[in-house]
Amino acid sequence: MKRGMCPGTFDPVTSGHIDIIERAAALLDELVVAVALSPDKGGGPLFSIDERCDFIETATEHLRNVWVRPFDTLLVEFASEVGASVIIKGLRAVTDFEREFQMAQLNYRISPDIETMFIMAIPEYMYLSSSAVKEIARHGGPVEGLVPQQVYDALAERLVESRQGRT
Ligand code: ADP
């Protein structure tokens, strides 16, 4: 039984994340999508931890071997806690590599029994990130196809709320 973990902040989950989750789930018996609380990332997440988990749960309903869990501890500690022996990360461009390589080395130093593996982004999602999606949506740009439908609706709603809050 091979259980893996796909970690991230997922604020919000994008089609690029879902592609990696689907491909990782096809390689493993079970996959835990680990959603980091990340209270300080980029001035604080746009969506709460419950909302971020809920978006992923809905978008992965078709994947029977995927479950979603929030965490706020060291990644490798959480991986051990849920019995995952492999951490799967998506790699977009060379720019991701340096940071991911560093994290993989540090995680290996803490827990050498947990392996980190990378899945390359497909060209269509190579330049897709949660922050780019939020930036485009904030300016009223088109994000159809870049995020799951539930996220698309929630983004529109949240950004209207924040505009109203400012007036
Ligand atoms: P983090 O908090 O580590 O920045 P993210 O939520 O932004 O996490 O991303 C989680 C993981 O998904 C990372 O490994 C990242 O490289 C990967 N990822 C993000 N966007 C894409 C994409 N468009 N295609 C493939 N992998 C991606």
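These figures come from a predicted structure and were not determined experimentally. (Residues numbered from 1 in each chain as written. Predicted model: local features only at pLDDT ≥ 70, side-chain atom pairs only at ≥ 80, totals over all residues. Heavy atoms only, no water.)

A. Region of the structure containing the state of the cysteines. As enumerated under the stated definition, the model contains 0 disulfides in all. Unpaired in terms of disulfides, C6 finds its nearest cysteine sulfur in C53, a separation of 14 Å. (Disulfide = S-S within 2.5 Å.)

B. Local environment of the packing of aromatic side chains. A complete count under the given rule lists 3 aromatic pairs for this structure. Ring plane angle 10° and centroid distance 5.1 Å describe the contact between F71 and F78, whose orientation is recorded as stacked. Taking relative accessible area as the criterion, F71 reaches 10% and is therefore assigned buried. Residue F78 is classed as buried on the basis of its relative accessible area of 6%. (Phe/Tyr/Trp six-rings, centres within 6.5 Å; stacked < 30°, edge-to-face > 60°. Buried < 20%, exposed > 50% of the residue type's maximum accessible area, 1.4 Å probe, protein only.)

C. Representation of the site of the ligand within the structure. The immediate surroundings of the ligand are formed by 17 residues, with T9, F10, K41, G90 and Y125 found nearest. R99 places a side-chain nitrogen or oxygen 3.3 Å from an oxygen atom of the ligand. Within the backbone of Y125, an N or O atom sits 2.8 Å from a nitrogen atom of the ligand. Isolated, the ligand exposes 550 Å² of accessible area, and the fraction of that covered by the protein chains is 91%. When contributions to the shell around the ligand are tallied by element, the ones reaching two or more residues are β1 (3-8), α1 (15-27), β4 (86-91) and α4 (94-110). Each residue belonging to the shell around the ligand can be placed in one class, and the counts come to 6 nonpolar, 5 polar and 6 charged. (Near = heavy atom within 4 Å. Polar contact = N/O pair within 3.5 Å; in protein donor to acceptor, adjacent residues only side chain to side chain. Areas by Shrake-Rupley, 256 points an atom, 1.4 Å probe, with all protein chains shown as cover. Helix = DSSP H or I, 4+ residues; strand = E, 2+ residues; numbered from the N terminus. Nonpolar A, V, L, I, M, F, W, Y, C, P; charged D, E, K, R; others polar.)

D. Expanded view of unusual backbone geometry. The omega torsion across D11 and P12 is -5°, close enough to zero to call that bond cis. Tracing the sequence through the fold places P12 in the loop between β1 and α1. The residue F10 is not glycine, and still its phi comes out positive at about 50°. Residue position: F10 is located in the loop between β1 and α1.

Such coordinate-based values are descriptive only and should not be taken to indicate function.
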